[in-house]
Amino acid sequence: QVPFVESGGGLVQPGGSLRLSCAVSGITFKYYAMGWYRQAPGKQRELVAGISAGRSTNYADSVKGRFTISRDNANNTVYLQMNSLKSEDTALYYCNTGRDLGSASRYWGQGTQVIVSS
């Protein structure tokens, strides 16, 4: 069973906002660093944002100041608030453990599609 279920994607105009959610199961969530990753067509998967167990955060340069990652340990959920969306943010978004691709588990969910277009 894949332990990550992403939701909240959709079609949004440039400049708009979306909030992604990821429900996590099968691990002791509060002890794990978590990350949001994305993969655009024809591109490699990349880290968007990470949050440690102690809530330290890191972001890709391309999203700094626009995206915010957060976590709810009581509900085993990690969020990604995305503001000021741009067309280049269009991608399939995934959550996984870790704050970089090398630390992610081998289990990937189906992701949630984000399309930024007018």
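As a reminder, the structure under discussion sits directly above these lines.
Computed from a predicted model, the values in this text were never measured in an experiment. (Residues numbered from 1 in each chain as written. Predicted model: local features only at pLDDT ≥ 70, side-chain atom pairs only at ≥ 80, totals over all residues. Heavy atoms only, no water.)

I'd love a proper account of the sheet that holds strand β8 (residues 77–82), names of residues and values included.
If you walk across this open sheet you meet the four strands as β1-β3-β8-β7, and the pairing is antiparallel. For this open sheet the edge positions go to β1 (4–7) and β7 (67–72), each flanked by a neighbour on one side alone. Pairwise comparison of adjacent strand axes, ignoring direction, gives a mean angle of 15° for this sheet. As paired strands, β1 and strand β3 (residues 18–24) are joined by four bridges and run antiparallel to one another. Residue pairing across strands places Ser 7 opposite Ser 21, the latter belonging to β3. (Pairing = 2+ DSSP bridges. Helix = DSSP H or I, 4+ residues; strand = E, 2+ residues; numbered from the N terminus. Axes fitted to C-alpha atoms, helices over the stretch in contact; angles between N-to-C directions.)

How would you explain the packing of aromatic side chains if you had to name every residue and give the values?
All chains considered together, the criterion is met by two aromatic pairs. Consider the rings of Tyr 37 and Trp 108, whose centres lie 5.4 Å apart with planes at 85°: the pair is edge-to-face. Of this pair, Tyr 37 sits in strand β4 (residues 34–39) while Trp 108 sits in the loop between β9 (91–97) and β10 (112–116); the two residues are 71 residues apart in sequence, bridging distant segments of the chain. Owing to a relative accessible area of 23%, Trp 108 belongs among the partly exposed residues under this scheme. When the centroid spacing of 5.7 Å and the interplanar angle of 85° are considered together, the rings of Tyr 94 and Trp 108 count as edge-to-face. One end of the pair, Tyr 94, is in strand β9; the other, Trp 108, is in the loop between β9 and β10, with 14 residues separating them in the sequence. Among the aromatic residues, those joined into a ring-pair cluster are Tyr 37, Tyr 94 and Trp 108. One Lys or Arg, Arg 19, reaches over the ring of Tyr 79 and ends 3.9 Å from the middle of that ring. (Phe/Tyr/Trp six-rings, centres within 6.5 Å; stacked < 30°, edge-to-face > 60°. Buried < 20%, exposed > 50% of the residue type's maximum accessible area, 1.4 Å probe, protein only. Lys NZ or Arg CZ within 6 Å of the ring centre and 35° of its normal.)

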